[in-house]
Amino acid sequence: MRNIILMGPPGAGKGTQAVNISDTYKIPHISTGDMFREAIGNKTPLGLQAKAIIESGGLVPDSLTIALVEERLSHEDCANGYLLDGFPRTIAQAEALKQFGPKIGRAVELVINIAVPDEVLIERIAGRRVCPKCGASYNIVAMKPRVEGICDRCGAELIQRKDDNPESFKVRLENYYAQTQPLLDYYEKEGLLHSFDGTVGYQNLQEGIFALLGAER
Ligand code: AMP
């Protein structure tokens, strides 16, 4: 059961848990947000289309996002499992994944949701710093890197995301409730959903998720 979707509102701790799950279970961490940011950095056609949308907190059109994920999941490194972080974000994306997933041998087996109330999210986003190279996340108050401003995992300089500002965050949260939260019901009905309280502390949350995923590494 290692074809996994990781869900939760922005700031729930998906990125942090994703890095640990991916390292521990040796499955690729596929973050659509990271893929878009890389495309923006490389000024590819996709990046140029996505840049303004992402910086304002909007959602990239389904057609572009679905094509990106379908292509990525078809890679050989996803044959023994994958961890999707930030996809699907709309019912249309979930429906597409349900269609193409089984066709390419990548049917979703498990959905992990991290639930966190809004007031905690807002605080976390303000202090978030991320590694532009490996995708690791930190917080200047609650989860500092060993050396200030430097990624523990890969040594790159940490940055604050352009969309981690109060205006864009408000739009992202609204989008989450309007477009993404309905997916919880969707996956509940499919019998795939496992929800965790994301306020129990990083270590406790990780233990809960690892217990669900099992000891086999
Ligand atoms: P994230 O790193 O997951 O917070 O994603 C950053 C931004 O990338 C989002 O606010 C969206 O603008 C865009 N994005 C990432 N994943 C998706 C998706 N599945 N559908 C549409 N837009 C996305």
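Concerning the overall build of the protein
Moving on, step 1. Along the protein, the regular secondary structure elements total nine helices and seven strands.
Moving on, step 2. The C-alpha atoms of the protein give 16 Å as radius of gyration, which agrees with the globular expectation for 217 residues (17 Å, within 12%).
Moving on, step 3. With the C-alpha coordinates aligned to their principal axes, the bounding extent of the protein is approximately 45 × 40 × 30 Å.
Moving on, step 4. Looking at the protein as a whole, 48% of its 217 residues are labelled buried.
Moving on, step 5. Considering only contacts in the protein between residues 6 or more positions apart, those separated by 24 or more positions represent 72%.
Moving on, step 6. Total accessible area on the protein is roughly 10800 Å²; 53% of this is exposed by carbon and sulfur atoms.
Moving on, step 7. The distance from the centre of the 24 positive side-chain charges to the centre of the 28 negative ones in the protein is 4 Å.

Description of the sheet that holds strand β3 (residues 82–85)
Moving on, step 1. On the basis of which strands lie adjacent, the open sheet formed by five strands has the order β2-β3-β1-β4-β7 and parallel pairing. If you trace the sheet from one side to the other, it starts and ends with β2 (29–31) and β7 (193–197), each paired once. Put simply, the sheet's adjacent strands are angled 20° from each other on average, direction ignored.
Moving on, step 2. With three bridges connecting them, β2 and β3 associate as parallel partners. When the bridges of β3 are listed, Ser31 appears paired with Asp85.
Moving on, step 3. Those strands touched by helix α1 (residues 14–25) are β1 (3–7), β2, β3 and β4 (110–115), and its axis lies near 170° from that of β3.

Conventions and cut-offs
Residues numbered from 1 in each chain as written. Predicted model: local features only at pLDDT ≥ 70, side-chain atom pairs only at ≥ 80, totals over all residues. Heavy atoms only, no water. Helix = DSSP H or I, 4+ residues; strand = E, 2+ residues; numbered from the N terminus. Rg over C-alpha atoms; globule rule 2.2 N^0.38 Å. Buried < 20%, exposed > 50% of the residue type's maximum accessible area, 1.4 Å probe, protein only. Contact = heavy atoms within 4.5 Å. Areas by Shrake-Rupley, 256 points an atom, 1.4 Å probe, with all protein chains shown as cover. Lys, Arg positive; Asp, Glu negative; His and termini not counted. Charge placed at Lys NZ, Arg CZ, Asp CG, Glu CD. Pairing = 2+ DSSP bridges. Axes fitted to C-alpha atoms, helices over the stretch in contact; angles between N-to-C directions.

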